[in-house]
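Residue-level structure breakdown
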Amino acid sequence: QLQLVESGGGLVQPGGSLRLSCAAAGFTLGDFAIAWFRQAPGKEREGVSCISKSGESTDYADSVKGRFTISRDNAKSTGYLQMNSLKPEDTAIYYCHAEVADPFTPPVKYHYWGQGTQVTVSS
């Protein structure tokens, strides 16, 4: 049974901060690359940030670069997304995603999604 559980969402004012957590249960998160996606009402799901298995490599969408920081603690099987200087445009459901390649058939990827956590930025 593989499960990703997000937490840390909530309602904040513009300029505020939140830290999202993505905890893995039933598997070793250190074997997976981690990404955060978000989906706002009426919009398609978009990638926000991603981090490699080792945590050495990270990437960010231009819209969040300089404001968000992705990290992971493999010993705790947990990924994080620190969100600072939040804007109303950041309002969305945020989803944690984990991906691993099949070691025998690398083109085959296994994907796991959390159920999402709501982030609302409003005054």
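Above this text is the structure in question.
Everything numeric here is computed off the predicted structure, so don't read it as measured data. Note that residues are indexed from 1 along each chain, following the sequence as it is written. Two thresholds apply to this predicted model, a pLDDT of at least 70 for residue-level local features and 80 or more for giving and counting side-chain atom pairs, whereas whole-chain, interface and lining totals are computed over all residues. As a rule here, side-chain values cover all heavy atoms of the structure and leave hydrogens and water aside.

**Description of the side chain of Glu6**
By the criteria applied, helices consist of DSSP H or I runs no shorter than four residues and strands consist of E runs no shorter than two, each listed in order from the N terminus. Take Glu6: it is sitting in strand E1 (residues 3–7). One buried charged residue, Glu6, remains without a salt bridge, the closest side chain of opposite sign being Arg45 at 8.4 Å. Here a polar contact is recorded for every N or O atom pair within 3.5 Å, except that within protein the pair must consist of a potential hydrogen donor and a potential acceptor, and residues adjacent in sequence are included only if both atoms are side-chain atoms. In terms of polar contacts, Glu6 uses its side chain to reach the backbone amide nitrogen of Cys96, at 2.8 Å. Within the structure, Glu6 has its side chain in polar contact with the backbone nitrogen of Gln115 (distance 3.0 Å). Per-residue accessibility, obtained with a 1.4 Å probe over protein chains only, is compared with the maximum for each type, and a residue is labelled buried under 20%, exposed over 50%, and partly exposed between these values. Residues counted as positive are Lys and Arg, residues counted as negative are Asp and Glu, and His and the chain ends are not counted. Here, a salt bridge means any Lys or Arg side-chain nitrogen found within 4 Å of an Asp or Glu carboxyl oxygen.

**Observations concerning the state of the cysteines**
When the sulfur atoms of two cysteines come within 2.5 Å, that pair is taken as a disulfide. This model, assessed by the stated rule, comprises one disulfide. Each sulfur in the disulfide pair Cys22 and Cys96 lies 1.9 Å from the other. Across the S-S bond linking Cys22 and Cys96, the dihedral sits near -80 degrees, which makes this disulfide left-handed. Separated by 74 residues along the polypeptide, Cys22 in strand E3 (residues 18–25) and Cys96 in strand E9 (residues 92–101) bring together distant segments of the chain. By relative accessible area, Cys22 is classed as buried at 0%. For Cys96, a relative accessible area of 0% puts it in the buried group.

**Side note on the pattern of salt bridges**
Per the stated rule, a full pass over the model turns up four salt bridges. Ionic pairing is found between Arg38 and Asp90, a salt bridge with its closest N-O pair at 2.9 Å. Of this pair, Arg38 sits in strand E4 (residues 33–39) while Asp90 sits in the loop between strand E8 (78–83) and E9, placing them 52 residues apart in sequence. For the pair Arg38 and Asp90, one class covers both residues: buried. Put simply, Arg67 and Asp90 hold a salt bridge, and the shortest N to O gap is 2.8 Å. With Arg67 in the loop between strand E6 (58–60) and strand E7 (68–73) and Asp90 in the loop between E8 and E9, this residue pair connects regions lying 23 residues apart in the sequence.

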